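Structural overview
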Amino acid sequence: MQDVLDIQVVPLSPACGAEIRGVDLTKPLSRETVEAIRDAWDKHLVLVFRGQNVTQEQQLTFASYFGDLGSRKKAPEPLRARAEGAQQDHEKVLLVSNIKENGVPIGAFGEGEFWFHIDSGYSATPYRYTFLYALELPSTGGNTMFSNMYKAYDAVPEALKRKLTGKRALHIHEYNRARQADASGDISNIPHYYHPVFVTHPGTGNKTLFVDRLMTTALEGFDPAEGAAILDQLYDIGERREFIYEHVWQHGDFLMWDNRCTIHARTDFPKEQRRLLRRCTVEGDLLRE
Ligand code: OGA
Ligand code: MN
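Computed from a predicted model, the values in this text were never measured in an experiment. (Residues numbered from 1 in each chain as written. Chains lettered and ligands numbered in written order. Predicted model: local features only at pLDDT ≥ 70, side-chain atom pairs only at ≥ 80, totals over all residues. Heavy atoms only, no water.)

What about the sheet that holds strand β15 (residues 216-219)?
Spatial ordering of the open sheet is given by β12-β11-β15, a layout of three strands whose pairing is antiparallel. Since the sheet does not close on itself, it has two edges, and those belong to β12 (192-196) and β15, each with one partner. Sheet twist, expressed as the mean angle between neighbouring strand axes with direction ignored, is 30°. (Pairing = 2+ DSSP bridges. Helix = DSSP H or I, 4+ residues; strand = E, 2+ residues; numbered from the N terminus. Axes fitted to C-alpha atoms, helices over the stretch in contact; angles between N-to-C directions.)

In structure tokens form, the structure reads like this:
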């Protein structure tokens, strides 16, 4: 059993992110250790464990200390070929990879840049947490960036906060990683949901800005042009450099983040190089302002 006294929390940037040292994720963890990790998580939003060597089962066991494991969500029919990899054989696990075997992708999210987003933000109950473990990495790029959406909320001008209080925004699962979702046509067959623009984090009680450039496409109750202009302003606030921690992956890195108070993105990487990470999630709840 891991002793809570072994744990060290080392902040990684002024924005968010901390490295947790002294924890071996293959071992059963005591309740105190899990509580210490949870406290650090609420404070730092993104946690990094280096030099891990975890099996799929160990990853799922660790994630389940923090809630019910999330199931992979099926992509809408037109996107299915891209989102459903050949080796996606465990409903709680998603392989994030550009690798193809016999011309068939083994996982999801392929190559290239990936805009800022919230995992499954388009559902009524977006994943609370995501856990991502690096198995194969390119020699450069493919960094994952996290933005602190508490800081983004605080940076929204007061007049805009008043204007958007009580308002909701449309999140939709129609995206192409580096192109904004298109919600202009009939969206009845595309998963979507209206969430409050400002969400109170149930764990910390603090408000966050809950929009992202990739999948948040409209403000309810606004003229479309005005809504789009306001959203542009909000995306830009959410992506301010000073709110971002950029993670440069090393082999054996295990990351976990909170989707209610962060958005994340991926930088480009050489497409001829292999990149493979193993992802699992914890189910979320309805979000309130
Ligand atoms: C994800 C994700 C980014 C990356 O797994 O949800 O956004 O760096 N991954 O591949
Ligand atoms: Mn993601």
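From this point, the discussion proceeds with the structure in view.
Quick word on helix α2 (residues 56-63)
Buried within α2 are the following residues: Gln59, Leu60, Phe62 and Ala63. All buried residues of α2 lie within an arc of 160° about the axis, which places them on one face of the element. Residues of α2 that are buried make contact with α1 (31-44), β3 (46-49), β9 (129-136), β17 (254-258) and β19 (276-282). (Buried < 20%, exposed > 50% of the residue type's maximum accessible area, 1.4 Å probe, protein only. Arc of directions from axis to C-beta. Contact = heavy atoms within 4.5 Å.)

Observations concerning the coordination of the manganese ion (ligand 2)
Looking at the manganese ion (ligand 2), the protein donor atoms are His117 (NE2), Asp119 (OD) and His264 (NE2), and they sit 2.1 Å from it. Spacing between the donor residues of the manganese ion (ligand 2) along their common chain follows H-x1-D-x144-H. Note that Asp119 is positioned in the loop between β8 (114-117) and β9 and His264 in strand β18 (residues 262-266), a separation of 145 residues in sequence. In this structure, Asp119 and His264 share a single accessibility class: buried. (Donors = N, O, S within 2.8 Å, 3.2 Å for Na, K, Ca; no water.)

Focus: the sheet that holds β8
Neighbouring strands of a sheet are bound in pairs by backbone hydrogen bonds; such pairs are parallel or else antiparallel. Taken in spatial order, the four strands line up as β8-β18-β10-β16 in an open sheet, and their pairing is antiparallel. The strands lining the two open edges of the sheet, one partner per strand, are β8 and β16 (244-247). Ignoring which end each strand starts from, the neighbouring axes of this sheet average 15° apart.

Quick word on unusual backbone geometry
With a phi close to 75°, Leu45 is a non-glycine residue in the positive phi region. Tracing the backbone shows Leu45 in the loop between α1 and β3. Even without glycine at this site, Asn102 takes up a positive phi of about 50°. By secondary structure assignment, the location of Asn102 is in the loop between β5 (100-101) and β6 (104-105). Judged by relative accessible area, which is 80%, Asn102 ranks as exposed.

What about the site of ligand 1?
Surrounding ligand 1, one finds Val96, Phe109, Phe114, His117, Asp119, Leu132, Thr144, His264, Arg266, Arg275 and Arg279. Take Arg266: an N or O atom from its side chain is 3.1 Å from an oxygen atom of ligand 1. One of the side-chain N or O atoms of Arg275 is found 2.8 Å from an oxygen atom in ligand 1. With the chains in place, 100% of the 290 Å² that ligand 1 exposes on its own is no longer accessible. Only β8 and β18 provide two or more residues apiece to the shell around ligand 1. When grouped by side-chain class, the residues that make up the shell around ligand 1 number four nonpolar, three polar and four charged. (Near = heavy atom within 4 Å. Polar contact = N/O pair within 3.5 Å; in protein donor to acceptor, adjacent residues only side chain to side chain. Areas by Shrake-Rupley, 256 points an atom, 1.4 Å probe, with all protein chains shown as cover. Nonpolar A, V, L, I, M, F, W, Y, C, P; charged D, E, K, R; others polar.)

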